[in-house]
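Chain by chain, the residues run as shown.
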Amino acid sequence: MIFVPMDGDGMRVDLLTAMCDRRPPKLIYTNPTFQNPSGVTMSMPRRQRLLELARSYRCLIVEDDPFSDLYFHQPPPASIKSLDTAGHVVYMKSFSKVLAPGCRIACVAAEGNILSRLIAAKSASDLGSPLLTQRAVLPFIERQYDEYAAKLRWALRVRQEAAARLLKQYAPAGVTWQLPEGGLNLWLQLPESPGIEELHALAEREGISFLPGDVCYAGDMPSRHIRICYSQLTQEGMERGLRQFLLLLGRHLCS
């Protein structure tokens, strides 16, 4: 597994091209819309170039899309799968992030032999997802999903704006972030040598949880980033926890 660097427009397809020249890929995985953990959305020109690259190398793109319905202002660019005319993209859509984490329902869009092999692999692994859960989720998707998703977008936007105000007020000097246009998380970059492992232990002792950035990279790659989630708790709990964490972070960076 080889990590491809990113910038504000998503995966660096120019760097990926050079990597593919050295080591032709079997599969390119991407989470192009409100990417986890960074929140970055891949631009439409990058999506088109990525698809062209997959065609050139005759490899697959796995497009993982759990967050595209959680936009705050304008809908994100069209999926890479919607541009695909030759079956190079396997599109995955999870409903767990929008409906309920416990529903564990997702879908896959693919064609031909790839789809047949995916169905066979799924059947061999667990004989298929529970039919009762699928029957419960299907009418909700058909009749209520759009209205529900609109309300959820509004609620998450309010949460993110509250988190942004707290960051602006309490974040220590040297801590930076970019507000994504959707999704569930914020991706913070800390100053040099912040001692994230020690910070994580201190936070856990105060009942605060965040995700150290190094677990989000392929291989043993050090990171100065942390991911915080503003969606899981009540808004009051989120604000109280984030304020407490930022004060703890300030003390840690000054120690």
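The text that follows walks through the structure, step by step, so that each part is easy to find.

Criteria and cut-off values
- Residues numbered from 1 in each chain as written.
- Predicted model: local features only at pLDDT ≥ 70, side-chain atom pairs only at ≥ 80, totals over all residues.
- Heavy atoms only, no water.
- Helix = DSSP H or I, 4+ residues; strand = E, 2+ residues; numbered from the N terminus.
- Buried < 20%, exposed > 50% of the residue type's maximum accessible area, 1.4 Å probe, protein only.
- Lys, Arg positive; Asp, Glu negative; His and termini not counted.
- Salt bridge = Lys/Arg side-chain N within 4 Å of Asp/Glu carboxyl O.
- Pairing = 2+ DSSP bridges.
- Axes fitted to C-alpha atoms, helices over the stretch in contact; angles between N-to-C directions.
- Contact = heavy atoms within 4.5 Å.
- Parallel < 35°, antiparallel > 145°, perpendicular 65-115°, else oblique.
- Left-handed = near helix turned anticlockwise from the far one by under 90°.

## Notes on the side chain of R153
Examined against the element boundaries, R153 turns out to sit in helix α5 (residues 145-170). There is no salt bridge for the buried R153, and the closest opposite charge comes from D69, which lies 5.5 Å off by N-O distance.

## Here's the deal with the sheet that holds strand β4 (residues 60-64)
The 4 strands are arranged β3-β4-β5-β6 in an open sheet whose pairing can be described as mixed. Edge positions in the open sheet fall to β3 (27-30) and β6 (106-109), since each of these has one partner strand only. Strand-to-strand twist across the sheet, computed as the mean angle between neighbouring axes with direction ignored, equals 15°. When β4 meets strand β5 (residues 89-94), the two strands line up parallel, connected through 4 bridges. Bridging across to β5, D64 finds its partner in M92. Relative to β4, helix α2 (residues 44-57) is tilted by about 145°, and along the sheet it contacts β3, β4 and β5.

## Section: the packing of helix α6 (residues 196-205) against helix α7 (residues 235-254)
Contact geometry for α6 and α7: axes closest at 11 Å, N-to-C directions at 135°. What the angle tells us is that α6 and α7 run oblique. As for how α6 packs across α7, the hand of that crossing is right-handed. Facing E198, L199, L202 and A203 of α6, the residues of α7 in contact are F245, L248, L249 and H252.

## Thoughts on the pattern of salt bridges
Inspection of the entire model under this criterion finds 12 salt bridges. Among the salt bridges present, the one from E161 reaches R157, with a minimum N-O distance of 3.1 Å. Here R157 and E161 lie together in helix α5, a separation of 4 residues that amounts to about one turn. The partner of R224 in a salt bridge is E192, and the shortest N-O contact between them spans 3.8 Å. One end of the pair, R224, is in the loop between β9 (211-212) and β10 (225-229); the other, E192, is in the loop between β8 (185-189) and α6, and 32 residues separate them in sequence. Judged by relative accessible area, which is 27%, R224 ranks as partly exposed. For E192, a relative accessible area of 61% corresponds to the exposed category. If you follow the salt bridges from partner to partner, you end up with D65, D69 and K93 in one network.

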